[in-house]
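A closer look at the structure
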Amino acid sequence: MSDLSQTQRATEKRKASLPFTLDDGRVDQELIFSIYDRLDTGIWIFDFDEKCIVWANRKALEITDAESLEELRARDMGSDMSHSVEQRLRQYQQDFTKHDVSFSEIWTLYPNGKAQVLQVVMSGIRLNDGRMALLCEGRPHHEQQPETLRSAEALMHTTVMISLFSEDGQPLYRNTAARAACTDLACTLWDHFIDQVLAKNVMGVLTEKATTKFVAEVRTSDGLRWHEITIRRCHDAVTGKPAFLLSEIDVTELHQTKERAQYLASHDALTGLSNRTYLKERLSHVRQTAKDNNLIATLYLVDLDDFKMVNDTLGHAAGDHLLQLVASKLKDLAGNNDIVARLGGDEFLICHLSSPESPRPDWFGQALLQAFASPHLIEGKPRHVGLSIGYAHYPADGTDIDQLMRHADLALYQAKSERKNKCVRYKEFMRKLRDKHMSLKKDLERAIRENEFLLYYQPIACTRTQRVVGAEALLRWQHPEKGLVSPDDFVPVAEETGLINEIGTWVSRNVAYMQSGLKLLNVSVPLSMNVSPKQLSDPTFVARMQSLPKETGCNANDISLEITESVLLGDIPHAYESLTKLKAAGYRIVIDDFGTGYSNLAYLHNYPIDGIKIDRMFMNDIATGGAIVKLILSLASALDASVVAEGVETVEQRAWLSENGCNRFQGFLYSKPVPEQQFIDMLQAQVRVAAM
């Protein structure tokens, strides 16, 4: 106890002996202030939050050109403070709060408009209320070279991030912008980069080059950002040791815009899948993966059945929803290493990797079909989504991407023409068939230009009188090398390529001129012509037909348009509207080859049908009683539609038809199709016989 008392007495005696303590042991503030006032260094305390000086010594008053401390404290230092200076001061406040550090910088103050260049040492000091303030020690900076002053000022205010690091990556200096972006004072050069491999490579480049420039993702106080960075090898001006000088510009928005542009250029905006542009590069990679790992890469081309009808009947929004639904489903079914892409329209591609031990080569294609076997909700309504799939294996069906794409496309074309097998693998005959079609297409284009088509007319006769009561116009092609070509040999290609619209225009115009010509010869009979579903889908078809009577002088009432049953089943958008307009223009609407499709009384009743042609296949039914033909005749009677029986080849068939109420027939029994002039001669001969 006595030892402690002796220690306390010694301490009190030492305090009492200090020159700045009073008799009661308190610090003599007046003495301390007088000491500060004698210093040749300006000292002041700056309140970060209030942006004012709360205390200053005499030298600081002199530097700031202040008459008194009261006058200096009354100044609002934030009124003309630049954003860069305010940002820098906030950085100091944060750094002093977290770390016991100090900074020495060259600052230029402007008291009453006069520039004062100072070397200022700054550190943190707590105010009585616990807030962090700035303690400044400022001396005039004697080396006031203009370049030095201006560069210091520029470094303070520039938005370019400038920082200096030692050779081992430790920070030596950061300007205001760099400090604002920095996550931590101790953050090293290596911590700055997200991609450490990139950082290592950059350092490798700097061993050979003095400067390098690149764009990299970095850590910042605003999170991960993209900076354009220039790094230069240099020396620290203080120590003379090797260092790295960095200048950085934030290019995040530009980088994101560029990435977005690249994404949009390589992906389908509607579905988010890869598009055709990006596909080739990715396919090459997958093909190489298959080769390296002994896997089978299969290219599947997927096409939606009746997609156009969805667009036309439910609207484009429903069509877009369907495409998004299919895209999502395909992505779910595909493997992690597979590619799913939208090639355009309603066509998709999947490149699927599988093991050679797979149970069957088309198992994945069959899985796709099965996934769409049940109806899906489109715009809130259940709807069946049909797929057609063509596929080709690598390397069995092609060794390069272009070849595989062509072969899968040929298989898809075959699948679309199939009713049952909707997943078809490429076979060599498909290529030969397509080559033949392409050659035929070129020939057809020439035939249109050179007017190589002819019309033959097959008479329609009365079953009782055997007089000609009409005729069907049938197209023929007078090929310069092959001779007369039947429509069965070229119309499918014409429909596939769209040339049928041009050919159909030629047919309708010539039939119209033929009908008006027969009127002038006083041998007029009704004529009929076939209209392809493709023609009826052409938005200009109805308008052309409406203008024909005025253009050619024909009588539309004596021209029948023969359509297939598929038109009535919804395959053709706006079919009802088109047929109604044609009917209003005077044309008769006839169902050709009736009984071979799937139409029923409900379908027929909803359309403006004038006539039915019984398909030739039912003529054989007559020999066993003709039950089907009788049913068709009853149906026609209920619809108040005329009937023509096709393919009549025997007298017995004609007699049966007459007895059962079918008054018109067409077939080899009466006449094969004949050239135009021969048909005219036939009509004129009939008129002469009648006049005898």
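Rules of the game
Residues numbered from 1 in each chain as written. Predicted model: local features only at pLDDT ≥ 70, side-chain atom pairs only at ≥ 80, totals over all residues. Heavy atoms only, no water. Pairing = 2+ DSSP bridges. Helix = DSSP H or I, 4+ residues; strand = E, 2+ residues; numbered from the N terminus. Axes fitted to C-alpha atoms, helices over the stretch in contact; angles between N-to-C directions. Patch = residues over 30% accessible without salt bridge, like charges linked within 9 Å, V, L, I, M, F, W, Y side chains within 5 Å. Areas by Shrake-Rupley, 256 points an atom, 1.4 Å probe, with all protein chains shown as cover. Salt bridge = Lys/Arg side-chain N within 4 Å of Asp/Glu carboxyl O. Core = buried A, V, L, I, M, F, W, Y, C linked by side-chain atoms within 4.5 Å. Buried < 20%, exposed > 50% of the residue type's maximum accessible area, 1.4 Å probe, protein only. Contact = heavy atoms within 4.5 Å. Phe/Tyr/Trp six-rings, centres within 6.5 Å; stacked < 30°, edge-to-face > 60°. Lys NZ or Arg CZ within 6 Å of the ring centre and 35° of its normal.

**Some remarks on the sheet that holds strand β1 (residues 42-47)**
- Spatially, the five strands line up as an open sheet ordered β2-β1-β5-β4-β3, and their pairing is antiparallel. Among the strands making up the open sheet, the edge pair consists of β2 (52-56) and β3 (102-109). With direction set aside, neighbouring strand axes in the sheet form an average angle of 35°.
- Here five bridges tie β1 to strand β5 (residues 132-140), and the two strands are oriented antiparallel to one another. Directly across from Phe-46, in β5, lies its bridge partner Leu-134.

**Details of a nonpolar patch on the surface**
- A cluster of nonpolar side chains, contributed by Phe-33, Tyr-36 and Leu-39, occupies part of the molecular surface with about 230 Å² of accessible area.
- With respect to the element layout, Leu-39 can be found in the loop between α2 (29-38) and β1.

**So, the nonpolar core**
- Ranked by size, the top nonpolar core spans 75 residues in total, and within it Leu-582, Leu-657 and Phe-679 carry the most contacts.
- Broken down by element, the residue count for this core peaks at eight residues, all from helix α17 (residues 500-520).
- Phe-679 has contacts with Tyr-457, Pro-459, Val-468, Gly-470, Ala-471, Met-514, Leu-518, Val-525, Leu-527 and Val-674, leaving out every residue within four places of it along the chain.
- Membership of the second largest hydrophobic core comes to 28 residues, among which are Ala-334, Leu-369, Ile-378 and Cys-423.

**Comments concerning the packing of aromatic side chains**
- Inspection of every chain in the model, using the stated rule, returns 13 aromatic pairs.
- Both rings, one in Trp-477 and one in Phe-490, keep their centres 5.5 Å apart while their planes meet at 80°; by these two values the pair is edge-to-face. Taken together, the positions of Trp-477 in strand β19 (residues 468-479) and Phe-490 in the loop between β20 (483-485) and α16 (491-497) put the pair 13 residues apart, joining distant regions of the chain.
- Taking the relative accessible area as the measure of exposure, Trp-477 reaches 1% and is therefore buried.
- The class for Phe-490 is buried, based on a relative accessible area of 0%.
- Sitting over the ring of Tyr-413, Arg-434 keeps its end group 4.7 Å from the ring centre.
- Here Lys-672 stacks its cationic end above the ring of Phe-668, 5.4 Å away from the centre of that ring.

**Observations regarding the pattern of salt bridges**
- For the structure shown, the criterion picks out 28 salt bridges.
- Asp-268 is the partner of Arg-342 in a salt bridge, and the nearest nitrogen-oxygen pair spans 3.1 Å. With Arg-342 in strand β12 (residues 339-344) and Asp-268 in the loop between α9 (252-266) and α10 (276-292), the pair connects residues that are 74 residues apart, well separated along the chain. Neither residue differs from the other here; Arg-342 and Asp-268 are each classed as buried.
- Two residues, Glu-452 and Arg-446, come together in a salt bridge whose shortest N-O distance is 3.0 Å. With respect to burial, Glu-452 and Arg-446 carry one shared label: buried.

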